[in-house]
Amino acid sequence: MKYSPLLILLLFLPSFAYEIGQNDWSGGPGVPGPDHYWYNTFLDETQIAWEGVESKIYLEMKSTKHFVAAESGSSFVFPSDINGDGYVDIVTFSSVNREHVWLENDGSGNSWTEHVIDVYTVYSSRAPFPVDIDNDGHMDVLGGNGADSIFWYRNTDGTGLIWEESFIDTFHQIRNLSGGDMDGDGDKDIIAASYSQGIGISWWENDNHTPPWQKHVITDDEEFDNCEEIYIIDFDQDGDQDVLSAQSDWDGLWFWENIDGSGTQWTGYQ
């Protein structure tokens, strides 16, 4: 049995909205190519609209939109099971209300209950991040005020209703937070990026989740600023955790290589 390249592509497409490019597509499912009227034929066969440029076709698949919550000033969301009920909840923030919150999923994805983690007197960080810092099986949250402080919020009983705040360190104009094992010792460390010039990206070593948290600098280049996002990933597949960063200035995207796996030596690549 033969399948066209396009049909194979569609069998593996996720159900959320995005676009995929397919080079040199000809015809469509059940339609012999070449087809000079792609739009009409493909729309008739699949009920999917397309947008084309030379030698490529871009397919747009749309899912059903469901309203979750009105969190004013929220530009980051993270999925995580905060209360351990097996359903994926949402961790986010409101810069207008100056609070970190998590939204409880009743399991249907259609009903959500808001729970406040903390409220700040100054603007919150843009991206509170869910991670189990103390390895107790409960999902905690990293957060902080955007001005100068990082906090770990311990999910004390796993319900997400009682949070214990622990101060980590000062860090100016926090833009993004994340958690991962940066030194390969088996526990989750804390990483933060600043929007301010010359502050850069640093990580704090988790030593039995007790203070003081030792800070390690990834970059504090005087020209490094406007860092919008950071991601922890083994980018070069050498067994240790590296960092990807995105800046709205300073030449955009960077890969920071964890040289020896200890998290103490870093080399940046654009």
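Residues numbered from 1 in each chain as written. Predicted model: local features only at pLDDT ≥ 70, side-chain atom pairs only at ≥ 80, totals over all residues. Heavy atoms only, no water.

Colleague: How should I be thinking about the confidence of the model for the chain in this particular structure?
Modeller: Residues shown with low pLDDT carry predicted positions that ought not to be read at fine detail. The predicted model of the chain has a mean per-residue pLDDT of 81, with 74% of residues at 70 or higher. The low-confidence segment residues 1-25 (pLDDT under 50) makes 43 contacts with residues lying over four places distant or belonging to another chain. (pLDDT = per-residue confidence, 0-100. Contact = heavy atoms within 4.5 Å.)

Colleague: Would you mind going over the environment of Asp 207 with me for this structure?
Modeller: By the secondary structure assignment, Asp 207 is in the loop between strand S14 (201-205) and strand S15 (214-219). The spacing of Asp 207 and Lys 188 is 19 residues in sequence and 9.5 Å in space, taken between C-alpha atoms. (Helix = DSSP H or I, 4+ residues; strand = E, 2+ residues; numbered from the N terminus.)

Colleague: Would you mind showing me how to read the sheet that holds strand S19 (residues 266-269) here?
Modeller: Backbone-to-backbone hydrogen bonds join strands into a sheet, with any given pair of strands oriented parallel or antiparallel. Strand order in this open sheet of four strands is S16-S17-S18-S19, and the pairing throughout is antiparallel. For this open sheet the edge positions go to strand S16 (227-233) and S19, each flanked by a neighbour on one side alone. Between one strand and the next, the sheet's axes are offset by a mean angle of 20 degrees, whatever the strand orientation. Direction of pairing for strand S18 (residues 253-258) relative to S19: antiparallel, over a ladder of four bridges. (Pairing = 2+ DSSP bridges. Axes fitted to C-alpha atoms, helices over the stretch in contact; angles between N-to-C directions.)

Colleague: Help me understand the layout of surface pockets, please; the structure alone is not making it clear to me.
Modeller: By volume, the largest pocket is sized at about 160 Å³. Lining the largest pocket, in full, are His 66, Val 68, Val 77, Ile 90 and Trp 112. Considering only residue class, the lining of the largest pocket consists of four nonpolar, one polar and no charged. (1 Å grid on protein atoms, 1.4 Å probe; cavity = no way out; pocket = protein on both sides within 12 Å on 5 of 7 lines; lining within 4 Å. Points joined across faces, edges and corners; volume = space filled by probe spheres on them. Nonpolar A, V, L, I, M, F, W, Y, C, P; charged D, E, K, R; others polar.)

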